[in-house]
Amino acid sequence: GAVVSQHPSWVICKSGTSVKIECRSLDFQATTMFWYRQFPKQSLMLMATSNEGSKATYEQGVEKDKFLINHASLTLSTLTVTSAHPEDSSFYICSARTSETDTQYFGPGTRLTVL
Amino acid sequence: GENVEQHPSTLSVQEGDSAVIKCTYSDSASNYFPWYKQELGKRPQLIIDIRSNVGEKKDQRIAVTLNKTAKHFSLHITETQPEDSAVYFCAARYSSASKIIFGSGTRLSIRP
């Protein structure tokens, strides 16, 4: 149980385009989902916390108009990187948490490369 | 602000020896401390966690200790094996915002 999927697993896009990444909890309902970004050889940096049916809470320094997060259902959250630039190239990982436990289950990540 | 510090950044131990990774956190209200193992290009995998009402937890070769007074927690891996080589992250859940903040990571290498 407690499986989280992400799609796509990797994406290459041109500078200036937008990219949408999906995060799904496959066998449980996730009241809260989190989006992280990880640059090579660095830690996971929390970008935003997403609660189903409400606006995401962004961490300091993360542009909410650039990284659009939608958590429309208890099993799906999406992150859209708008007007992507090469510096947005990174490994984006989502995680999901149930309302019953503190355990976070991570998705497999999406490697974004912006040319 | 919320902060989790982790040491060392790299650690090399002989196979069969023990490895210890230490972390400190800043929010005294934190109540949940997971440890994750991440292999290159893969998702973090939860290996053990501890809650604030417990001082120590053990699972086979892995143990975690928590000192709430000092706001320290540590990961202990005994009888290390080559497959233990990975990056390990400590984390702390900040109760006020219900989010988990990660330490900077420790790259553990096991020498054969």
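Notes on the structure follow.

**Examining the pattern of salt bridges**
Then comes step 1: Taken as a whole and assessed by the stated rule, the structure comprises six salt bridges over all chains.
Then comes step 2: One salt bridge in this structure joins E59(A) and K99(B), with 2.9 Å as the shortest N-O distance. Taken as a pair, E59(A) in the loop between strand 6 (57-58) and strand 7 (67-73) and K99(B) in strand 10 (residues 99-102) lie in two separate chains rather than in one. Here E59(A) matches K99(B) in class, with each residue buried.

**Describing the environment of Y36(A)**
Then comes step 1: Assignment of secondary structure puts Y36(A) in strand 4 (residues 32-38).
Then comes step 2: Once the C-alpha coordinates of Y36(A) and I93(A) are considered, the two residues, 57 residues apart in sequence, prove to be 5.1 Å apart.
Then comes step 3: A distance of 3.0 Å separates a polar side-chain atom of Y36(A) from the backbone oxygen of I100(B).

**Focus: the nonpolar core**
Then comes step 1: Counting 40 residues, the largest nonpolar core has W35(B), F73(B), L75(B) and F102(B) as its most contacted members.
Then comes step 2: If sequence neighbours within four positions are ignored, F102(B) has contacts with Y36(A), S43(A), L44(A), F106(A), V4(B), Y36(B), F89(B), C90(B) and A91(B).
Then comes step 3: Core analysis: the next-biggest nonpolar cluster, separate from the first, contains 24 residues, C23(A), W35(A), A84(A) and V114(A) among them.

**Some words on the packing of aromatic side chains**
Then comes step 1: Going through the model one piece at a time under the given rule, you end up with 12 aromatic pairs over all chains.
Then comes step 2: Ring centres of Y36(A) and F106(A) lie 5.7 Å apart, and the angle between their planes is 45 degrees; on these two criteria the pair is classed as tilted. In this pair, Y36(A) is assigned in strand 4 and F106(A) in strand 10 (residues 104-106), connecting sequence segments 70 residues apart. The two residues Y36(A) and F106(A) agree in class, both being buried.
Then comes step 3: Residues Y36(A) and F102(B) carry aromatic rings whose centres are separated by 5.3 Å and whose planes lie at 85 degrees to one another, so their mutual orientation is edge-to-face. Within this pair, whereas Y36(A) is found in strand 4, its partner F102(B) is found in strand 10, the two belonging to separate chains.
Then comes step 4: F102(B) gets classed as buried once you look at its relative accessible area, which sits at 7%.
Then comes step 5: Directly above the aromatic system of F67(A) lies the positively charged group of K66(A), at a separation of 5.8 Å from the ring centroid.

Each value, and the rule that gives it
- Residues numbered from 1 in each chain as written.
- Chains lettered and ligands numbered in written order.
- Predicted model: local features only at pLDDT ≥ 70, side-chain atom pairs only at ≥ 80, totals over all residues.
- Heavy atoms only, no water.
- Salt bridge = Lys/Arg side-chain N within 4 Å of Asp/Glu carboxyl O.
- Helix = DSSP H or I, 4+ residues; strand = E, 2+ residues; numbered from the N terminus.
- Buried < 20%, exposed > 50% of the residue type's maximum accessible area, 1.4 Å probe, protein only.
- Polar contact = N/O pair within 3.5 Å; in protein donor to acceptor, adjacent residues only side chain to side chain.
- Core = buried A, V, L, I, M, F, W, Y, C linked by side-chain atoms within 4.5 Å.
- Contact = heavy atoms within 4.5 Å.
- Phe/Tyr/Trp six-rings, centres within 6.5 Å; stacked < 30°, edge-to-face > 60°.
- Lys NZ or Arg CZ within 6 Å of the ring centre and 35° of its normal.

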